[in-house]
Amino acid sequence: MLATDLARRLPAYTRAILTALNAAGFEAYLVGGAVRDLLLGLTPDDFDITTSARPEQVLQLCRQKGWPTVDKLGHNFGCVIILLDSVPTEVTTFRGERYNDADVHRPAATWYCDTLREDLSRRDFTVNAMALDIGGTLYDYFGGQQDLAAGLLRTVGEPELRYQEDALRMLRACRFTAQLGFTYVQSSGNCGPCGMKGTPYYLPRSYRFPVERCQGLSLERVRREIEKLLLSQYAGRGLMLMLATGLLGASCRARQNKADIDVPVLPEALHLLGLRQNPRFHLYDTWEHTLLAIDNSPRQLPIRWALLLHDLGKGLPQIRTTNKEGQPSDPGHEAQSAVMAQEILTRLRYPAAFVRLVVWLVAQHMRFAPMLLTGEKTLLRWVRSEATGGAFKSSAQLTEAYTLLTEVFLADMGATHARENPQLMAEGRALGEQIIELARTRMPVAPGDLAVGGRDLLALLPQEQLKNAFSYLLERVQSGNLPNDRDALLAAVRKNIKRRQNAATI
């Protein structure tokens, strides 16, 4: 990409800051992920600037320009946040860093340095260690542009040193692999291949990370990186790297009763790698099937977590059997996977409502397939059982759950041989749409989902009878004996009143 093309793609507020700093006699460059994304033809989420100006000089310039700044509360050394065009831009002075073992993420010492090269040398990966000036000239001291063109992710300098400095970089390596679809490489620590040859997730070379360093990372930071990874376009590749490097089996820390405790990341998934499945249905082993299902799915966190956890029960001694053809089988694995999902998500401190939803998705993910052969009555019974089971508070909540479950089912189905049968996949989609429509239009969950309200019923009944009347109507609509239509519901109430009056006179 030509320098002029890169320069033209900078937003006006970024150009204004760079221009002002240069005019005041300072070096100033766009830096980091924004440069990487511009070179990839992507639109950056934000634009960070590095400069030779000290923070007080940046603040003085902002006062002269009348630009507002945001108080960073001192937690990011040398950084001034300028609020221009209502967009916050971080402007950070060239700096160097030194780490020690006392903190696995934050530097022990930070100082200002004089050159762009020194500033870039402290960054994590070569593709994030490039800078761009106002004219579009690229500064690349560590081969970032070459790695970008080759689709490679590698550290600036020795990976062992980079990960010893900041343990979060190990998780970031997996996350960037997931976001960019790049191949992670390093010059040392080759552990050989990982995965099944010929799959999209096979690694001809894998590496071991110093995952013991993760014990010093907070659960919140680790979970945030995993979520970003899960929501990425190439999530499966990032998860494979997490498994191959040992990160899935690592632990981080959380506070409990005023003390730090170890929190395992996801060791429950380790046994899935290489776990055989029935080749009549499955393309890959259980782990790579899981990765393909995730990559097949919409990028929504409940869906992605459900798919990551949906087959955890497979292969466990109490689940794994052999069918009459001698092939592996895992009857009831969905129930065991749901139990494990409950434990894992609770351990990772997700909100209770999120845990309930994902556990429900895992527990229900096998229900769709047999219903491809049954009729509407079977679907209605299923939806009715969920509507009356107490897990959902409204028809809208039930409908949303079935909408998510449809995507889980289709992604799971699309990670088997069914992906080669467009008609079968279309039938699966139609089944999902049918059950979503049943939940939305024919299955109220609570009185508030009925087509009549309290004011309607007060015209017919005294206040103290409203609760019973709503229960009566809800049960009749859920059973399929009464449409959820205002006139029909009021007629049913009148008929019930008349029947009770007649009974009272006998």
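Data block above holds the structure.
Residues numbered from 1 in each chain as written. Predicted model: local features only at pLDDT ≥ 70, side-chain atom pairs only at ≥ 80, totals over all residues. Heavy atoms only, no water.

Visitor: Teacher, can you tell me more about the pattern of salt bridges here?
Guide: Two side chains carrying opposite charge are able to pair once their charged atoms lie near each other. Overall, the coordinates contain 17 salt bridges when judged by the stated rule. For the salt bridge of Glu 165 with Arg 169, the shortest nitrogen-to-oxygen distance reads 2.8 Å. A single network of salt bridges, built from pairs that share partners, joins Asp 119, Arg 122 and Arg 123. (Salt bridge = Lys/Arg side-chain N within 4 Å of Asp/Glu carboxyl O.)

Visitor: Can you walk me through the nonpolar core in this structure?
Guide: One recurring pattern in soluble globular proteins is that nonpolar side chains are buried together. The biggest cluster of nonpolar side chains holds 134 residues, and the ones touching the most others in it are Leu 21, Met 242, Trp 287, Trp 305, Leu 309 and Tyr 402. Ignoring anything within four residues of it in the chain, the contact list for Met 242 reads Leu 171, Cys 174, Ile 226, Leu 229, Leu 247, Leu 248 and Val 265. Formed by 16 residues, the second largest nonpolar core is a distinct cluster that contains Leu 450, Leu 466, Val 477 and Ala 492. (Core = buried A, V, L, I, M, F, W, Y, C linked by side-chain atoms within 4.5 Å. Buried < 20%, exposed > 50% of the residue type's maximum accessible area, 1.4 Å probe, protein only. Contact = heavy atoms within 4.5 Å.)

Visitor: Where do I start with the environment of Cys 79 in this structure?
Guide: Note that Cys 79 resides in strand β4 (residues 79–84). Residues Cys 79 and Ile 49, 30 residues apart in the sequence, show an inter-C-alpha distance of 9.6 Å. (Helix = DSSP H or I, 4+ residues; strand = E, 2+ residues; numbered from the N terminus.)

Visitor: Hey, could you run me through the layout of surface pockets in this one?
Guide: Rolled over the atoms, a probe as big as a water molecule pinpoints where empty space is left. What the second largest pocket holds in volume is close to 800 Å³. Taken together, 28 residues make up the lining of the second largest pocket; nearest its centre are Phe 281, His 282, Met 366, Ala 369 and Thr 416. Considering each element in turn, the lining of the second largest pocket owes the most residues, three residues, to helix α17 (residues 395–413). Its residues placed into classes, the lining of the second largest pocket shows 11 nonpolar, 11 polar and six charged. (1 Å grid on protein atoms, 1.4 Å probe; cavity = no way out; pocket = protein on both sides within 12 Å on 5 of 7 lines; lining within 4 Å. Points joined across faces, edges and corners; volume = space filled by probe spheres on them. Nonpolar A, V, L, I, M, F, W, Y, C, P; charged D, E, K, R; others polar.)

Visitor: Any chance you could explain empty space enclosed by the protein here in plain terms?
Guide: Scanning all chains against the criterion turns up one cavity of 30 Å³ or more. Empty space within the largest cavity amounts to approximately 40 Å³. Taken together, Ile 226, Leu 239, Met 242, Leu 248, Val 265, Leu 266, Trp 305 and Leu 308 form the lining of the largest cavity. In the lining of the largest cavity, the residues fall into eight nonpolar, no polar and no charged.

Visitor: What should I look at first to understand the packing of helix α12 (residues 301–309) against α17 in this one?
Guide: Helix packing geometry: the angle between the two helix axes and the distance between the axes. Where α12 meets α17, the axes come as close as 10 Å, and the angle between the chain directions of the two elements is 45 degrees. Here α12 is positioned oblique relative to α17, judged by the angle of their axes. With respect to the hand of their crossing, α12 and α17 are arranged in right-handed fashion. Note on element contacts: α17 touches α12 through Leu 404, Glu 407, Val 408, Ala 411 and Asp 412, opposite Pro 302, Ile 303, Ala 306 and Leu 307. Residues belonging to the contact of α12 with α17 are distributed by class as follows: seven nonpolar, no polar and two charged. (Axes fitted to C-alpha atoms, helices over the stretch in contact; angles between N-to-C directions. Parallel < 35°, antiparallel > 145°, perpendicular 65-115°, else oblique. Left-handed = near helix turned anticlockwise from the far one by under 90°.)

Visitor: How should the sheet that holds strand β8 (residues 130–132) be read in this particular structure?
Guide: Note: strands within a sheet are paired through backbone hydrogen bonds, in either parallel or antiparallel orientation. With respect to topology, seven strands assemble into an open sheet ordered β3-β4-β5-β2-β1-β8-β9, the strand pairing being mixed. At either end of the open sheet lies a strand with only one pairing partner, and these are β3 (69–70) and β9 (138–140). Where strand β2 (residues 48–51) and strand β5 (residues 87–93) come together, three bridges link them in parallel fashion. Within β5, the position partnered with Thr 51 by the bridge is Thr 93. Here helix α2 (residues 12–23) sits on the sheet in contact with β1 (28–31), β2, β4 and β5, set at roughly 150 degrees to β1. Each of β2, β3, β4 and β5 touches helix α4 (residues 55–65); the most contacted strand, β4, lies at about 15 degrees to it. (Pairing = 2+ DSSP bridges.)

Everything listed is a geometric property; what it means functionally is a separate question.
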